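Reading the structure
So the chains spell out like this:
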Amino acid sequence: MSATELQDRLAENVGSIVGKPVIEVRNLDAHYGETQILHGIDLAVPAGEIMVIMGGSGSGKTTLLRHLIGIERPTAGTLELLGQELERLGAIETLKLRRQIGVAFQGGAMFSSLTVMENIKLPLREHTRLDETTMDIMARMKLEVVNLSGFGELMPAELSGGMLKRAAVARAIIMDPKLLFFDEPSAGLDPVVSAALDELILRLRDAMQMTIVVVTHEVESALAIADRITILDSGRVIEIDTPEAIRNSRNPRVHNLLNRKSQKEELDPDEYLRRLTGTRTG
């Protein structure tokens, strides 16, 4: 499939979503300095879907996540969350939008000097004027959801890796967001704990009717939880499809990713010379 044909297919994919997508990305470019990281990304995620974003190291998946949650701004293209274009929002509108979004970061990002309960209540302290008793009740409810009831008074350092991940999820969902992002939720976990976290993600989608985006390199987890999978390679979308279609893809780069095979890079001689000398060619 040529690059033009793939771009047309992805555009059709975006346009085929029934109703307004919860996430809509069109022709998004991203740079770090003079280096372009993302190239013309098109992506649409409808309400209630679990979208998994995968790719090898350096594929751009983390950069895309940072743009989706508003940490980074694109150098070109548009990005809409919950029907609002991020570039057009002022400070107050951005704050209101972030109240509807939850993020569970890879390392948990818990404050070590606060108890688990206090960590979970932080978004409520920042965005609401609820009294302490109400915040305590809400935090305990979310601890129940992630199977951590009774662990609220512990410090983060006293939790196992899997418990820490679940505590981070409890904080991410404390305000019942419409949109939830996970950054490498299974990283560093053993298979049993990873499978339990996969089940939690599915339960959140079904019970709380959330739209969920998961960035991961864990193939088994991705195939288990995704409604659709987006494959990135060198900052470009090379495939968006169901887990079954991705599993049967004939794209060699997708096949190598799923089977953890190295991808031999065919480097143009002029490009190789440019890398060695640090000069530009052409």
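Rules used throughout
- Residues numbered from 1 in each chain as written.
- Predicted model: local features only at pLDDT ≥ 70, side-chain atom pairs only at ≥ 80, totals over all residues.
- Heavy atoms only, no water.
- Helix = DSSP H or I, 4+ residues; strand = E, 2+ residues; numbered from the N terminus.
- Areas by Shrake-Rupley, 256 points an atom, 1.4 Å probe, with all protein chains shown as cover.
- Pairing = 2+ DSSP bridges.
- Contact = heavy atoms within 4.5 Å.
- Axes fitted to C-alpha atoms, helices over the stretch in contact; angles between N-to-C directions.
- Buried < 20%, exposed > 50% of the residue type's maximum accessible area, 1.4 Å probe, protein only.
- Parallel < 35°, antiparallel > 145°, perpendicular 65-115°, else oblique.
- Left-handed = near helix turned anticlockwise from the far one by under 90°.
- Nonpolar A, V, L, I, M, F, W, Y, C, P; charged D, E, K, R; others polar.
- Salt bridge = Lys/Arg side-chain N within 4 Å of Asp/Glu carboxyl O.
- Core = buried A, V, L, I, M, F, W, Y, C linked by side-chain atoms within 4.5 Å.
- pLDDT = per-residue confidence, 0-100.

**Concerning the overall build of the protein**
Across its full length, the protein carries eleven helices and ten strands. If you sum the accessible surface of the protein, you get close to 14700 Å²; carbon and sulfur atoms cover 50% of it.

**Some details on the sheet that holds strand 4 (residues 76–81)**
Strands sit in the order 2-1-4-5 across an open sheet of four strands; the sheet is antiparallel. Of all strands in the sheet, those with a lone pairing partner are strand 2 (35–45) and strand 5 (84–85), marking the two edges. Pairing of strand 4 with strand 5, which is carried by two bridges, proceeds in the antiparallel orientation. What sits directly across from E80, in strand 5, is E85. Contacts from helix 2 (residues 61–68) reach strand 1 (23–32), strand 2 and strand 4 within the one sheet, and its direction differs from that of strand 1 by about 120°.

**Side note on the sheet that holds strand 3 (residues 50–55)**
In spatial order, the strands read 6-7-8-3-9-10; together these six strands make up an open sheet with mixed pairing. The open sheet terminates on both sides in strands that have one partner only, identified here as strand 6 (101–104) and strand 10 (236–241). For this sheet the average axis-to-axis angle between neighbouring strands, irrespective of direction, equals 15°. Note: strand 3 against strand 8 (residues 211–215), four bridges, orientation parallel. When the bridges of strand 8 are listed, V52 appears paired with V214. Each of strand 3, strand 7 (179–183), strand 8 and strand 9 (228–233) is contacted by helix 2, which is oriented at about 140° to strand 3, the strand it contacts most. Lying over the sheet, helix 6 (residues 161–172) contacts strand 6 and strand 7, oriented at roughly 170° with respect to strand 6.

**Quick notes on the environment of G102**
Here G102 shows up in strand 6. As for G102 and A172, which are separated by 70 residues in sequence, their C-alpha atoms are 4.5 Å apart. Not counting residues up to four positions away in its chain, the partners in contact with G102 are A172, P177, L179, L180 and F181.

**Regarding unusual backbone geometry**
Positive phi is not limited to glycine here, since E184 has a value of about 50°. Residue position: E184 is located in the loop between strand 7 and helix 7 (191–208). Owing to a relative accessible area of 8%, E184 belongs among the buried residues under this scheme. Despite not being glycine, S234 shows a phi value in the positive range, around 55°. Along the chain, S234 falls in the loop between strand 9 and strand 10.

**Some details on the packing of helix 6 against helix 7**
Their axes nearest at 10 Å, the elements helix 6 and helix 7 cross at an angle of 15°. Taken together, helix 6 and helix 7 sit at an angle that is classed as roughly parallel. In the packing of helix 6 onto helix 7, the handedness of the crossing is right-handed. Two secondary-structure elements touch here, helix 6 through G162, K165, R166 and V169 and helix 7 through V193, L197, L200 and L204. Grouping the constituent residues of the contact of helix 6 with helix 7 by class yields five nonpolar, one polar and two charged.

**So, the pattern of salt bridges**
The full count for this structure, using the stated rule, is 15 salt bridges. Note that R26 is salt-bridged to E24, the shortest N-O span being 2.9 Å. The network of salt bridges with common partners includes E118, K121, R125, E132 and D136.

**Brief notes about the nonpolar core**
Here is a general trend for soluble globular proteins: nonpolar side chains tend to be buried in one another's company. Counting residues in hydrophobic clusters, the biggest one holds 45 residues, and the most contacted among them are V52, F182, I212 and I229. Here this core takes six residues from helix 6, the largest share from any one element. Other than its neighbours up to four places away in sequence, I212 contacts E49, I50, M51, L180, F182, I201, L204 and R205. V25, M51, L86 and V213 belong to the second-largest nonpolar core, a separate cluster that totals 28 residues.

**With respect to the confidence of the model for the protein**
As a note on interpretation, predicted positions should not be read in detail where pLDDT is low. In this model, the protein carries an average pLDDT of 86, and 87% of its residues clear a pLDDT of 70 or more. Under a pLDDT of 50 for its full length, residues 1–7 has, in the predicted model, six contacts with residues more than four places off or in other chains.

**Concerning the pairing of strand 10**
Of the strand pairs in this sheet, strand 9 and strand 10 are connected by five bridges, and their pairing is antiparallel. Each residue of the ladder has a partner; that of L232, found in strand 10, is V237. Counted between consecutive antiparallel strands, the loop separating strand 9 from strand 10 contains two residues, among which S234 sits at a positive phi close to 55°.

**Things to note about the environment of L223**
Among the structural elements, L223 can be located in helix 8 (residues 219–225). Sequence spacing of L223 and E244 is 21 residues, and the spatial spacing of their C-alpha atoms is 7.9 Å. Excluding residues within four positions of it along the chain, L223 makes contact with I229, P243 and R247.

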